[in-house]
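Working through the structure, step by step
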Protein chains: 2
Amino acid sequence: MNRPDKRVTRILIVDDHPVIQAGLVSMLATHPEVSVMGSASSGEEALARMEEDMPDIVLLDLRMPGMTGIDVLHAMRQRKASARAIILTSFETDENIYRAIQVGAQGYLLKDTSQREMLQAIATVHAGRKYIPAQIAARLAERMMRSSLTARELEILNMLSKGLTNKQTGKALKISENTVRNHVNSILEKLEVADRTEAVTVAIQQGIIQVAG
Amino acid sequence: MNRPDKRVTRILIVDDHPVIQAGLVSMLATHPEVSVMGSASSGEEALARMEEDMPDIVLLDLRMPGMTGIDVLHAMRQRKASARAIILTSFETDENIYRAIQVGAQGYLLKDTSQREMLQAIATVHAGRKYIPAQIAARLAERMMRSSLTARELEILNMLSKGLTNKQTGKALKISENTVRNHVNSILEKLEVADRTEAVTVAIQQGIIQVAG
DNA sequence: GCGCAGGTAGTAGAGATGTACTATGCGCCG
DNA sequence: CGGCGCATAGTACATCTCTACTACCTGCGC
């Protein structure tokens with residue numbers, strides 16, 4: 001609980017890739033104003049570490065096996081964790097950015113960020129402000145313009161992407177084909193696309209549905 | 001041209017992400033049997049560096065602005081470069097793996113690879129053998145099973161993904177709607193899918209078409 | 001020169017999709 | 001309680017998609 005030096009920003013790295021962990025440690029280690037407390041390779045480990053190490057800032061990867069970064073943010077919020085979170089990820093779908101900010105991320109960086117910018121983001125967030133690069137902010141705005149798909153619509157969108165017809169989808173969900181059609185039309189309107197095929201492209205592009213590798 | 005120590009494997013890192021560069025340097029620096037000659041942030045820089053530094057192994061990212069890793073491999077082959085290449089990437093679409101191996105990559109690693117495995121891959125490739133993890137090899141086999149789409153089919157698949165109808169596609173390509181239909185049917189057969197919507201999902205999933213972020 | 005792959009074009013018909021409405025029941029929130 | 005969003009269901013019609021064929025031309029390799 002006692003901090004050795006109040007001016008030093010204490011960092012916890014959460015990323016399942018060893019090379020990223022090593023890279024961040026190496027990029028941050030030489031700077032006296034930050035101190036890397038440690039690294040976690042999973043969300044579960046991160047939450048445990050957070051209670052022990054009391055970091056000021058958590059650098060958080062979104063895509064991890066098990067808990068995702070979003071899950072970790074949720075858990076942090078519930079536990080009223082004092083640490084602030086900066087998302088650090090290779091991917092930047094509109095949906096991911098939107099969700100991360102919604103559950104309380106204070107910063108959002110891409111993995112191609114320079115050391116200089118990374119340090120600046122850490123300083124900014126530690127000072128209590130948000131750090132969202134313009135490019136990311138633009139995507140966030142884009143996403144906030146559009147209304148969200150409902151749970152049912154998401155479910156149906158996923159079935160579209162697997163090539164099910166309206167009839168097959170209706171049977172699978174035990175609703176009529178007509179109802180499926182209504183939902184499909186809502187999806188097309190919300191995504192602002194011409195047909196189900198484009199809907200799938202846009203949904204994947206924006207991270208609304210995932211394509212299991 | 002004179003190598004200080006023949007037992008040392010000389011490495012060139014090619015990746016546009018500073019954090020990955022730093023991570024790889026840090027993971028490899030402490031090991032006496034490898035020596036990192038330097039890092040390049042782009043394919044163009046990598047090719048220049050290769051002539052100067054004469055590395056034994058190039059650790060090559062696939063996704064980079066400008067030249068992709070595949071482009072670099074092509075250029076290396078044309079110039080009959082002596083260096084062997086190991087692909088090091090976050091992504092692993094069937095198509096990327098297939099293309100990389102086809103143009104002469106000797107290894108294929110994911111960025112979640114441990115330090116131990118990375119060193120082993122480097123040693124194996126330096127000894128003249130290939131290093132393909134079982135998981136990657138399985139995907140490669142999967143890809144080799146299927147016949148490739150023709151240039152025309154690819155073009156039409158891209159238009160499908162944008163929501164164009166057969167008629168619109170025909171007009172855009174100045175061919176008849178009937179011909180488009182024939183191509184679409186070939187696509188469905190080759191991808192083994194039920195309809196154009198599933199075709200787009202599968203094509204994106206396998207890296208056959210890209211979704212511009 | 002012949003076969004083969006790829007691109008082109010056509011026909012006919014069954015079925016799926018998209019559009020444009022109306023309408024009901026449920027649960028939530030102010 | 002009233003309004004609203006959501007899920008449900010329906011009808012009718014125009015259009016698009018998919019299937020199953022046949023057919024011709026070109027370029028390439030054996």
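As shown above, the structure is provided for reference.
Residues numbered from 1 in each chain as written. Chains lettered and ligands numbered in written order. Predicted model: local features only at pLDDT ≥ 70, side-chain atom pairs only at ≥ 80, totals over all residues. Heavy atoms only, no water.

A regular strand places its side chains on the two faces of the sheet in alternate fashion. All names here are of chain B. Burial within strand β4 (residues 84-89) is extensive, with five of its six residues counted as buried. Note that strand β3 (residues 57-60) and β4 share four bridges and pair parallel. Residue pairing for β4: leucine 60 is matched across the bridge by isoleucine 87. Note that the unit made of β3, helix α3 (residues 69-78) and β4 has a crossover that is right-handed. Sheet analysis places β4 next to strand β5 (residues 107-110), joined by four bridges and oriented parallel. What sits directly across from isoleucine 87, in β5, is tyrosine 108. Regarding topology, helix α4 (residues 94-102) serves as the crossover connection from β4 to the parallel β5, and that connection is right-handed. (Buried < 20%, exposed > 50% of the residue type's maximum accessible area, 1.4 Å probe, protein only. Helix = DSSP H or I, 4+ residues; strand = E, 2+ residues; numbered from the N terminus. Pairing = 2+ DSSP bridges. Right-handed = clockwise from strand over helix to strand, strands pointing away.)

Our next topic: the interface of chain A and chain B. Contacts between the two partners involve 31 residues from chain A, matched on the other side by 31 residues from chain B. Buried surface at the junction of chain A and chain B, summed over both partners, amounts to about 2600 Å²; 64% is from carbon and sulfur atoms. Counting the surface chain A buries against chain B, the share from its top three residues, Val19(A), Thr197(A) and Thr201(A), is 20%. Where chain A touches chain B, the interface holds three residue pairs in polar contact (both at pLDDT 80 or more). (Contact = heavy atoms within 4.5 Å. Buried area = accessible area lost by both parts, 1.4 Å probe. Polar contact = N/O pair within 3.5 Å; in protein donor to acceptor, adjacent residues only side chain to side chain.)

Turning next to the pairing of strand β1 (residues 9-14) of chain B. Residues and elements named next belong to chain B. Buried residues dominate β1, accounting for six of its six residues. Where β1 and strand β2 (residues 34-40) come together, six bridges link them in parallel fashion. Directly across from isoleucine 11, in β2, lies its bridge partner valine 36. Note that the unit made of β1, helix α1 (residues 18-29) and β2 has a crossover that is right-handed. Looking at chain direction, β1 and β3 are connected through four bridges and run parallel. Note that in β3 the partner of isoleucine 11 across the bridge is isoleucine 57.

With that out of the way, let us pick up empty space enclosed by the protein. Under the definition given, this model contains one cavity of 30 Å³ or more. Residue lining of the largest cavity: His17(A), Ile20(A), Ser90(A), Lys111(A), His17(B), Ile20(B), Ser90(B) and Lys111(B), and that is the complete set. Along the lines of polarity and charge, the residues of the lining of the largest cavity split into two nonpolar, four polar and two charged. (1 Å grid on protein atoms, 1.4 Å probe; cavity = no way out; pocket = protein on both sides within 12 Å on 5 of 7 lines; lining within 4 Å. Points joined across faces, edges and corners; volume = space filled by probe spheres on them. Nonpolar A, V, L, I, M, F, W, Y, C, P; charged D, E, K, R; others polar.)

Close to DNA strand C lie 18 residues, the nearest being Arg181(A), Asn185(A), Arg152(B), Ser176(B) and Asn178(B). The protein-proximal atoms of DNA strand C, defined as those within 4 Å of the protein, are 56% sugar or phosphate. Taking Lys167(A), its side chain carries an N or O atom lying 3.3 Å from a phosphate oxygen of DNA strand C. Take Asn182(B): an N or O atom from its side chain is 2.9 Å from a base nitrogen of DNA strand C. Looking at the surface near DNA strand C, the elements that each hand over two or more residues are α8 (166-173) and α9 (177-191) of chain A together with α9 (177-191) of chain B. It is α9(B) that provides the largest number of residues to the surface near DNA strand C, a total of five residues. (Near = heavy atom within 4 Å.)

A word on the sheet that holds β2(B). All names here are of chain B. Ordered by their spatial adjacency, five strands build an open sheet running β2-β1-β3-β4-β5, and the pairing between neighbours is parallel. With partners counted over all chains shown, the strands left at the sheet margins are β2 and β5, one partner each. The mean inter-strand angle of the sheet, taken between neighbouring strand axes irrespective of direction, is 25°. Against the sheet, α3 contacts β3 and β4, and its axis sits at roughly 155° relative to β3. (Axes fitted to C-alpha atoms, helices over the stretch in contact; angles between N-to-C directions.)

Taken as a whole and assessed by the stated rule, the structure comprises one aromatic pair over all chains. Pairing Phe91(A) with Phe91(B) gives two aromatic rings, centres 5.3 Å apart and planes at 80°, and the pair type is edge-to-face. Taken together, the residues Phe91(A) in the loop between β4 (84-89) and α4 (94-102) and Phe91(B) in the loop between β4 and α4 connect one chain to another. When sorted by exposure, Phe91(A) lands in the same class as Phe91(B), which is buried. Across the ring face of Phe91(B), the terminal group of Arg63(B) is positioned such that the distance to the ring centre comes to 3.8 Å. Arg143(B) extends its terminal NZ or CZ atom over the ring of Tyr98(B), reaching a point 3.9 Å from the ring centre. (Phe/Tyr/Trp six-rings, centres within 6.5 Å; stacked < 30°, edge-to-face > 60°. Lys NZ or Arg CZ within 6 Å of the ring centre and 35° of its normal.)

In the vicinity of DNA strand D there are 19 residues, among which Thr150(A), Arg152(A), Ser176(A), Asn178(A) and Asn185(B) approach most closely. In DNA strand D, atoms within 4 Å of the protein come 60% from sugar and phosphate. One of the side-chain N or O atoms of His183(A) is found 3.0 Å from a phosphate oxygen in DNA strand D. Note that a base nitrogen of DNA strand D is positioned 2.8 Å from one of the side-chain N or O atoms of Arg181(B). Breaking the surface near DNA strand D down by element, the ones donating at least two residues are α9 of chain A together with α8 (166-173) and α9 of chain B. Here the surface near DNA strand D is built from residues that sort into three nonpolar, 10 polar and six charged.

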